[in-house]
There are 2 protein chains.
Amino acid sequence: MKQKTETKAAAFNHSPVVYAVGLGPGARDLLTPRAEEILKSCTVIAGYSTYLKLFPDLLEGKKIIESGMTHEIDRCKAALEAALEGEKTAVISSGDAGIYGMAGLLLELTEIPRYASVDIQIIPGITACIAGAALAGAPLMNDFCCISLSDLMIPQEKILKRVQSAACGDFVTALYNPGRQGRLAMMTHAIRIFRESAGKNLPVLVLHDIGRINELVHLSDLDHFPYSEINMTTLVIIGNSDTLVRNGRFYCKRGYPIEKQETFSV
Amino acid sequence: MKQKTETKAAAFNHSPVVYAVGLGPGARDLLTPRAEEILKSCTVIAGYSTYLKLFPDLLEGKKIIESGMTHEIDRCKAALEAALEGEKTAVISSGDAGIYGMAGLLLELTEIPRYASVDIQIIPGITACIAGAALAGAPLMNDFCCISLSDLMIPQEKILKRVQSAACGDFVTALYNPGRQGRLAMMTHAIRIFRESAGKNLPVLVLHDIGRINELVHLSDLDHFPYSEINMTTLVIIGNSDTLVRNGRFYCKRGYPIEKQETFSV
């Protein structure tokens with residue numbers, strides 16, 4: 001069916017907008033006030049089912065566009081349609097909407113003429129590597145990078161070239177989407193690349209269900225990487241040559257000239 | 001003077017703790033509820049003068065440990081001393097405390113025997129590249145890295161090797177601390193490296209005073225890099241080969257199979 005040219009939004013005399021909202025890792029007190037305010041003010045909220053369940057009170061009285069994984073395009077299009085119909089609409093992502101979230105897809109969809117009039121506003125959130133790092137210490141203290149190991153949309157060679165570059169540059173590296181049981185080939189390649197590039201063992205942080213009730217931090221290393229633990233909610237942070245593990249805390253020195261034996265005179 | 005072995009904290013029968021709190025970029029509604037709650041509950045707050053001014057209401061009735069830049073070690077030691085004295089103490093950083101903030105230094109200082117008993121808790125915040133990205137679109141949509149160009153504590157060769165690796169891996173790259181007028185040598189090197197590695201011009205995002213009243217977004221590119229604009233509050237994001245600039249928005253495609261000419265049937 002051909003779409004109407006005059007939308008309800010136009011009739012309402014405001015330009016249609018979709019908010020791409022990052023929810024943070026899942027803990028309510030890491031949801032920003034800005035995100036909460038926007039969600040409260042929206043009439044339609046679209047999201048992946050798991051994320052919609054995080055803060056049920058914020059969904060009360062809203063129209064919900066719910067779908068499973070791999071339905072991202074349909075979900076975002078439905079949200080854009082709702083905005084054209086005059087609804088104040090949010091599409092939620094866990095973490096930050098702009099890091100492996102829905103912000104990019106929404107912007108990309110506005111290249112379709114039908115959606116060109118929709119303004120996409122991005123509301124930032126705390127991404128998994130920041131929340132996970134805080135649990136364990138300060139692994140991201142110096143330069144770091146984020147790589148998704150999911151090969152659904154990016155060719156494996158491109159991902160592995162990035163892993164190689166990260167290892168070569170001695171970056172601390174947060175690996176998103178490390179895989180799941182039976183699909184750990186990319187993770188296995190990554191561990192091998194870091195091992196070969198560093199020429200030595202490096203500390204590794206394995207984080208499960210960051211910000212959720214089953215949150216778990218596991219300090220490990222390249223030589224003892226716990227493949228059997230990895231699942232869809234795992235984030236892996238590979239340390240670099242400056243990473244220290246002391247008293248169960250995982251951190252990188254920033255380089256301040258500290259005298260370690262010094263006592264403080266008071 | 002030799003320190004007392006029994007501190008007030010011990011006498012109070014709770015273990016001393018210092019919270020490393022990330023304030024986010026500076027907008028009040030991007031300060032997390034967790035950070036706000038912790039700051040309210042603390043009796044001592046330590047920070048760089050500029051950051052202490054961000055949320056003055058949260059400082060009311062607190063003892064303040066204030067110092068300028070380059071006094072990070074003294075400030076953190078003073079905070080650790082306060083914790084040993086029984087004060088509930090926070091050290092604030094802008095952005096995230098674990099990304100170029102004070103979390104790493106505090107953890108490192110607990111290697112000094114006097115501070116070994118102090119528990120360092122990190123409260124995450126929204127770092128500048130996430131807040132800045134949200135202003136401009138979704139530049140960090142795919143893999144990205146963060147590099148500080150400050151050579152105060154890291155040798156220039158190490159920084160430039162990271163820049164080279166980031167360019168080689170076709171990462172989107174957020175450059176923190178790009179320099180200031182008269183000290184832009186590292187920035188100049190970085191632009192040259194990205195230009196040579198890409199073999200073509202790339203979009204560049206120049207962000208000033210993110211989250212503050214003078215917030216400004218400038219879409220530029222490697223060939224027209226606005227050196228004269230760069231100052232201490234600038235963040236630079238270099239796009240990669242997948243970065244698009246469309247209608248003033250800056251984003252990376254995630255790789256979803258979108259039919260661009262498609263119309264949506266309703």
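Everything below is about the structure shown above.
Everything in this summary refers to the structure shown in the same document.

Rules and cut-offs
- Residues numbered from 1 in each chain as written.
- Chains lettered and ligands numbered in written order.
- Predicted model: local features only at pLDDT ≥ 70, side-chain atom pairs only at ≥ 80, totals over all residues.
- Heavy atoms only, no water.
- Helix = DSSP H or I, 4+ residues; strand = E, 2+ residues; numbered from the N terminus.
- Buried < 20%, exposed > 50% of the residue type's maximum accessible area, 1.4 Å probe, protein only.
- Areas by Shrake-Rupley, 256 points an atom, 1.4 Å probe, with all protein chains shown as cover.
- Lys, Arg positive; Asp, Glu negative; His and termini not counted.
- Charge placed at Lys NZ, Arg CZ, Asp CG, Glu CD.
- Pairing = 2+ DSSP bridges.
- Least-squares fit on C-alpha atoms with pLDDT ≥ 70 in both.
- Contact = heavy atoms within 4.5 Å.
- Expected span 1.5 Å × (residues − 1).
- Core = buried A, V, L, I, M, F, W, Y, C linked by side-chain atoms within 4.5 Å.
- Patch = residues over 30% accessible without salt bridge, like charges linked within 9 Å, V, L, I, M, F, W, Y side chains within 5 Å.
- Salt bridge = Lys/Arg side-chain N within 4 Å of Asp/Glu carboxyl O.
- Axes fitted to C-alpha atoms, helices over the stretch in contact; angles between N-to-C directions.
- Parallel < 35°, antiparallel > 145°, perpendicular 65-115°, else oblique.
- Left-handed = near helix turned anticlockwise from the far one by under 90°.
- Nonpolar A, V, L, I, M, F, W, Y, C, P; charged D, E, K, R; others polar.

## Overview of the overall build of chain A
Now for step 1: When helices and strands are counted, chain A shows eight helices and 13 strands.
Now for step 2: Expressed as lengths along the three principal axes of its C-alpha atoms, the size of chain A is roughly 70 × 55 × 30 Å.
Now for step 3: Burial analysis of chain A (266 residues in total) assigns 60% to the buried set.
Now for step 4: A total accessible area of about 10,600 Å² is found for chain A, and carbon and sulfur atoms account for 52% of it.
Now for step 5: A distance of 2 Å separates the average location of the 27 positive side-chain charges in chain A from that of its 29 negative side-chain charges.

## Here's the deal with the sheet that holds strand 6 (residues 137-138) of chain A
All names here are of chain A.
Now for step 1: Taken together, the three strands give an open sheet; going across it, the order is 6-13-12, and neighbouring strands pair in mixed fashion. Of all the strands in the sheet, the pair left with one neighbour each is strand 6 and strand 12 (243-246).
Now for step 2: Across two bridges, the pairing between strand 6 and strand 13 (residues 249-252) is parallel. Bridging from a neighbouring strand, glycine 137 pairs with phenylalanine 250 of strand 13.

## Here's the deal with the relation of the copies chain B and chain A
Now for step 1: Once chain B has been moved 0.0 Å along the axis and rotated by 180°, it coincides with chain A to within an RMSD of 0.0 Å. This pairing of chains is accounted for by a two-fold axis. Among all C-alpha atoms of chain B, that of cysteine 145 of chain B lies closest to the rotation axis, at 1.9 Å.
Now for step 2: In this assembly the copies share their binding face: 100% of the residues contributing to the interface of chain B also contribute to that of chain A.

## Considerations on helix 8 (residues 185-198) of chain B
Now for step 1: When the terminal C-alpha atoms of helix 8 of chain B are compared, their 20 Å separation across 14 residues agrees well with the 20 Å that a helix rising 1.5 Å per residue should span.
Now for step 2: Next to the buried residues of helix 8 of chain B lie helix 7 (156-168), strand 8 (172-176) and strand 11 (234-238) of chain B.

## Digging into the environment of isoleucine 130 of chain A
Residue and element names in this part refer to chain A.
Now for step 1: Summarising the element assignment, isoleucine 130 is placed in helix 6 (residues 128-136).
Now for step 2: Overall, isoleucine 130 belongs to the buried group, its relative accessible area being 2%.
Now for step 3: Between the alpha carbons of isoleucine 130 and alanine 82 there is a distance of 33 Å; along the sequence they are 48 residues apart.

## Here's the deal with the nonpolar core
Now for step 1: In this structure, Cys129 of chain A together with Cys129 of chain B are the most contacted members of the largest nonpolar core, which totals 110 residues.
Now for step 2: With near-sequence residues (within four places) excluded, cysteine 129 of chain B lies in contact with Leu140, Phe144, Cys146, Ala174, Tyr176, Leu235 and Ile237 of chain B.
Now for step 3: With 52 residues, the next largest nonpolar core counts Ala190 and Val206 of chain A together with Met187 and Phe225 of chain B among its residues.

## A closer look at a nonpolar patch on the surface
Residue and element names in this part refer to chain A.
Now for step 1: A cluster of nonpolar side chains, Leu135, Val217, Leu219 and Val245, forms an exposed patch at the surface whose accessible area comes to about 250 Å².
Now for step 2: Along the chain, the position of leucine 219 falls in strand 10 (residues 216-221).
Now for step 3: Residue classification places leucine 219 among the partly exposed residues on the basis of a relative accessible area of 30%.

## Focus on the sheet that holds strand 12 (residues 243-246) of chain B
Now for step 1: Sheet architecture is open: three strands sit in the order 6-13-12 (chain B), paired in mixed fashion. A strand with exactly one partner marks an edge of an open sheet, and here the two such strands are strand 6 (137-138) and strand 12 of chain B.

## Quick notes on the environment of serine 241 of chain A
Now for step 1: Inspection of the secondary structure assignment puts serine 241 of chain A in the loop between strand 11 (234-238) and strand 12.
Now for step 2: When its relative accessible area of 37% is taken as the criterion, serine 241 of chain A is described as partly exposed.
Now for step 3: Separated by 109 residues in sequence, serine 241 of chain A and glycine 132 of chain A place their C-alpha atoms 20 Å apart.
Now for step 4: Those residues in contact with serine 241 of chain A, other than ones at most four positions away along the chain, are Asp170, Lys200 and Leu202 of chain A together with Lys158 of chain B.

## Digging into the pattern of salt bridges
Now for step 1: One pass over the full model with this rule turns up 32 salt bridges over all chains.
Now for step 2: Between arginine 183 of chain A and aspartate 151 of chain A there is a salt bridge, with the nearest N and O atoms lying 3.0 Å from each other. Of this pair, arginine 183 of chain A sits in the loop between strand 8 (172-176) and helix 8 (185-198) while aspartate 151 of chain A sits in the loop between strand 7 (144-148) and helix 7 (156-168), and the two are 32 residues apart along the sequence.
Now for step 3: A residue is classified by how much of its surface remains accessible, and arginine 183 of chain A, at 45% relative accessible area, is partly exposed.
Now for step 4: A salt bridge links arginine 192 of chain B to glutamate 196 of chain B; the nearest nitrogen and oxygen atoms lie 3.8 Å apart. Linking arginine 192 of chain B with glutamate 196 of chain B, this pair stays in helix 8, spanning four residues, or about one helical turn.
Now for step 5: Judged by relative accessible area, arginine 192 of chain B falls into the partly exposed class, the value being 37%.

## Some words on the pairing of strand 2 (residues 44-48) of chain B
All names here are of chain B.
Now for step 1: Within strand 2, five of the five residues are buried, which leaves the element mostly enclosed by the surrounding structure.
Now for step 2: Taken together, the five bridges between strand 2 and strand 3 (residues 63-67) define a ladder with parallel strand orientation. Within the sheet, the bridge partner assigned to tyrosine 48 lies in strand 3 and is serine 67.
Now for step 3: Direction of pairing for strand 2 relative to strand 4 (residues 89-93): parallel, over a ladder of three bridges. Note that in strand 4 the partner of alanine 46 across the bridge is valine 91.

## Notes on the packing of helix 7 of chain A against helix 8 of chain A
Residues and elements named next belong to chain A.
Now for step 1: Helix 8 packs onto helix 7 with a crossing angle of 30° between their chain directions and a minimal axis gap of 9 Å. Here helix 7 lies roughly parallel to helix 8, going by the angle between them. In this structure, helix 7 crosses over helix 8, and the sense of that crossing is right-handed. Judged by residue contacts, Gln156, Ile159, Leu160, Val163, Gln164, Ala166, Ala167 and Cys168 of helix 7 engage Met186, His189, Ala190, Ile193, Phe194 and Ser197 from helix 8.
Now for step 2: For the contact of helix 7 with helix 8, the class distribution of residues is 10 nonpolar, four polar and no charged.

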